[in-house]
Structures are given as C-alpha cells and as structure tokens.
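# Summary of structural features
Here are the chains, one letter per residue:
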Protein chains: 2
Amino acid sequence: MIINDPAKIEQRSMELIEKELTVPISEEYKDIVKRVIHCTADFEYAETMTFSEGAVESALQALQNGCDIVTDTQMAAAGINKKAAAALGCSIHCYMSDADVAQTALKNGSTRAVASMDKAAALDKPTIFAIGNAPTALLRLRELIDAGALKPELIIGVPVGFVNILEAKEAILNADVPFIVAKGRKGGSNVAAAIVNALMYRLTR
Amino acid sequence: MIINDPAKIEQRSMELIEKELTVPISEEYKDIVKRVIHCTADFEYAETMTFSEGAVESALQALQNGCDIVTDTQMAAAGINKKAAAALGCSIHCYMSDADVAQTALKNGSTRAVASMDKAAALDKPTIFAIGNAPTALLRLRELIDAGALKPELIIGVPVGFVNILEAKEAILNADVPFIVAKGRKGGSNVAAAIVNALMYRLTR
C-alpha cells in the first residue's frame, strides 16, 4: 500500500528505524541519529555519530537566538529546511561559489573550502558550521579555533570520503569546541543538512 | 599528509575505491558506480546499482544534445555540476518549491513530487529524471510512461528511505524505459546528483 501523506511517511519511517536499531542510543541524541539514518538508510551511523558534551544544548541555544548557519556545499545549504530556519531567524550561508572566495583560494594556494571558512569567521553572529564535504574546511576551523579567531556554537563534522577525512574529523574530535562528528569515512552534505534539521525541529515542531 | 588540490584528492579517492572494490563491476558502468561510492563511502552500491541495457548510451546522447534534467529535490539540483551542464547546454529543473505545483498537489490530494513530475512531463526537450528522494515521483513517472504521456531518455531511480521505496524502484525496474536504479533502501539526492555528474563527465572531461 502506498502512503501519500509526507508527514505520515516520515512518522512511519521513524518507527521502522526505531524498531531496527540494534545499538542503544541515548534518548538525548536519538532524534538526530534517526534523522541521519532516515536520509541515508544506513544504520552504521548509529555507531559512528559522536557528540561532545553539551553540543546539543549549545546548538539549540544558538538556533533559538537566530544564529548563522554556514555550510561547505550548496547541496547542504539546499537541504536545510528553509521554513524552520526562517521561523528561528537563522540565515544559511554557503560561500563556496563566491568570486572573492575563489580569488582568495587562488592567491593563497588553498582550497575554496578554506577560503570559505575564513570568510565565515568574520561573521558577527553566533555560528553553526555544517561541513559535509570538505575535510580542509574542518582542518581550517581547527586552526582558527586554536588561534582564538573563532568560537563556533557547534561544528557538524561529517565530510564523506577517502582522503584527509579521518585526520580532519580527528582534528575536531580533539578540539575545544561543541561538535557532532560521524566517525569514519561516511557522511555527506545530506547528513550535514539532516543534523541541522533535526536540531531545528526540536524548536519548531 | 594533507592533499590540498581537489583534482588530486578526487583522483586518489577513485584509486582507493578501485582498490577496495570486492565485487566485479563492468567497465561500462565502473565510473558511475565509483562516483556514487565516492559521495557515500558506501561500497554496498557496487552490489545494488542496476542499469537497463542501453541506459548509459541513451543518457549520453541526450546530454550531448542539451537535454533537460529534472530532479525531485533542490538538494539534487544543487549537487549537479553547473559548469558541466552549461557546457552541454543542459538545463536543470526542480519544480518542488513552485507555487503552482503546491496548488496542484493540494487540489489533487497528491504529493508535490507527483505534481512536479506532471509539470516536467510537459517539457518539450528530451529529459533525464534524477529522483533521489520521492518514491511517489517514480510511481508517477511509471504511470505517465504507461499512459504514453512520457518517454524519458533516462530515469535515475535512487530514492532513499523506508516507506514505498522498494515498490517505487520495482515500478521502474519493470518499466519500458532506460533506467539506473539503486536496489534496496539506499540512495539519496547526493547519489542522484553523482550519477548525473558521472554521465556528464564522460562528455566534458
């Protein structure tokens, strides 16, 4: 039987995910982990998602106060629920396609992801970073934090891939910053957006 | 050691994927499957990706002639390489946020994905559908094909999820249409975009 109501499809999906979970997940994080599994159909995230103490509280407070949300891909920005962000007064930024970012990256011999993070570090408001693609973005965020040039409310560190990925995630797991990281190679722009959405839905649904 | 050149990161990633593949994949499809694994770090796709005979040739001819590409999420549209699409003269469409689509869906008691597919069926040019999210989109495409109202050059059928997903993929696997389908629950907007990109890169790289 085909269910046509999107809200019912989501509710039924979450019930199925709950039933098939084989790893115990703290109630504190369960909605977030389940939303990641919902967008990937991959139960491995139940084992790899890692939360720093107080990360969720820090993020919720920032979202409640209308923080900036910075992504490292247009895809992640596109996946973040616009109505929920607007209801919270949050703005979504992705600087990857900006001409000045391309110029800075070329001048510095860095990636555009690094130049994007530098641009984002100049934002005035409290900021959540949602990184689903570029390990160099995470490595740069760590440098900026260590240099005292940045104090994010949350780093979502879920780049996917095969090169630089584990080092980049390790740099955030060891940083003095609120984080949500998917250990290992898996992640992605869809995962980054799902985590932002799960956090926002705590406040808007 | 951190590699900073995006082209080198991609090349090295593809080498690692090639080395870790445990399932033999036809050379005809290998670049496409590897690009999906590249965006998910999930080798299960090596076993689930299914191609109808002639699907790739049909898609390449359409892309070469500047076809339309229709997605069922803004996320998939955002993930398709804009430079490659422009070089081929291809336009990318996602109707999910259109006011007329919302109205039609409300009037018909359907999903917006169904109304989007109906809107796309009116496009003049040859069309590739890249469906990474909505099973109801795939089911509607099958209805339109069976009714003789649509003859796509390719359907990429990779919605992710837990409800309606297997039925929807089966409807495309059994249809008289060129298709690329990821069997099972897995897929996503990122996967749909990766497949479009892999096909375009055959012509533009």
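Just above sits the structure.
A brief structural summary.

Rules used throughout
Each chain has its residues counted from 1, following the order in which its sequence is written. Here every chain gets a letter starting at A, and every ligand a number starting at 1, in the order they are written. For a predicted model such as this one, the threshold for reporting local features is a pLDDT of at least 70, and the threshold for listing and counting side-chain atom pairs is 80 or more; totals across whole chains, interfaces and linings nevertheless cover every residue. Only hydrogens and water are set aside when side-chain values are computed; all heavy atoms of the structure are taken into account. Counting from the N terminus, the helices are DSSP H or I runs at least four residues long and the strands are E runs at least two residues long. Radius of gyration means the value over C-alpha atoms here, while the globule rule gives 2.2 Å times the residue count to the 0.38 power. We call a residue buried when its accessible area falls under 20% of the maximum for its residue type, exposed when it is over 50%, and partly exposed in between, using a 1.4 Å probe and counting protein chains only. Here a residue-residue contact requires only that any non-hydrogen atoms of the pair lie within 4.5 Å. Positive: Lys, Arg. Negative: Asp, Glu. His and the chain ends are not part of the count. Positions of charges follow a simple convention, taking NZ of Lys, CZ of Arg, CG of Asp or CD of Glu. By salt bridge we mean one thing: a side-chain nitrogen of Lys or Arg within 4 Å of a carboxyl oxygen of Asp or Glu. Angles shown run from 0 to 180 degrees and are taken between the N-to-C directions of axes, each axis being a line fitted to C-alpha atoms and, for helices, limited to the stretch in contact. By the definition used in this description, the sense in which the near helix is turned from the far one sets the handedness, with an anticlockwise turn below a right angle giving left-handed and a clockwise turn giving right-handed. Least-squares fitting of one copy onto the other uses the C-alpha atoms of those residues that reach a pLDDT of at least 70 in both copies. DSSP-based pairing: two strands are paired if at least 2 bridges between them are found.

### Examining the overall build of chain A
The helix and strand inventory of chain A stands at 11 helices and six strands. On C-alpha atoms alone, chain A measures out to a radius of gyration of 17 Å, which is about the 17 Å that the 2.2 N^0.38 rule sets for 205 residues. Dimensions of chain A, computed from the C-alpha atoms along their principal axes, are close to 55 × 35 × 30 Å. Residues classed as buried in chain A amount to 59% of the 205 residues present. Long-range pairs, those at least 24 residues apart, make up 64% of the contacts in chain A between residues at least 6 apart in sequence. Side chains of chain A give 21 positive and 25 negative charges; the mean places of these two sets differ by 5 Å.

### Some points on the pattern of salt bridges
Residues and elements named next belong to chain B. If you walk through the whole model with that rule in mind, you get 32 salt bridges over all chains. Between K186 and E44 there is a salt bridge; the shortest N-O distance is 2.8 Å. Residue K186 is located in the loop between β6 (179-182) and α11 (189-204), and its partner E44 is located in the loop between α2 (27-40) and α3 (45-48); the two are separated by 142 residues in the primary sequence. The salt bridge partner of R140 is D118, with a shortest N-O separation of 2.6 Å.

### Observations concerning the packing of helix α7 (residues 99-108) of chain A against helix α8 (residues 112-121) of chain A
All names here are of chain A. In contact at an axis separation of 8 Å, α7 and α8 are set at 120 degrees when each is read in the N-to-C sense. In this structure, α7 meets α8 at a crossing whose hand is right-handed. Where α7 abuts α8, its residues D100, V101, A102, T104 and A105 lie against R112, A115, S116 and K119.

### Observations regarding the relation of the copies chain A and chain B
Structural alignment of chain A on chain B gives an RMSD of 0.0 Å, achieved by rotating through 180 degrees and translating 0.0 Å along the axis. The symmetry that links the two subunits is that of a two-fold axis. If distances are taken from each C-alpha of chain A to the rotation axis, the shortest is found for A:M75, at 2.5 Å. A high fraction, 100%, of the interface residues of chain A reappear at the interface in chain B, so the copies pair face to face through one surface.

### Thoughts on unusual backbone geometry
Residues and elements named next belong to chain B. In this structure, A41 is a non-glycine residue whose phi angle is positive, near 55 degrees. The residue A41 is located in the loop between α2 and α3 in this model. Exposure remark for A41: the relative accessible area of 7% places this residue in the buried category. One non-glycine residue, N164, adopts positive backbone phi at about 70 degrees. Within the secondary structure, N164 sits in the loop between β5 (154-157) and α10 (165-173).

### A short note on the sheet that holds β6(B)
Residue and element names in this part refer to chain B. The strand order across the open sheet built from six strands is β1-β6-β5-β4-β2-β3, with neighbouring strands paired in mixed fashion. Both outer strands of the open sheet, β1 (49-51) and β3 (91-94), are each paired with one neighbouring strand and no more. Averaged over all pairs of adjacent strands, the angle between strand axes in this sheet comes to 15 degrees, irrespective of strand direction. In terms of strand pairing, strand β2 (residues 68-71) meets β3 through four bridges, oriented parallel. The residue bridging V70 from the neighbouring strand is H93, located in β3.

Fair warning: the whole summary comes from geometry, so function is off the table for now.
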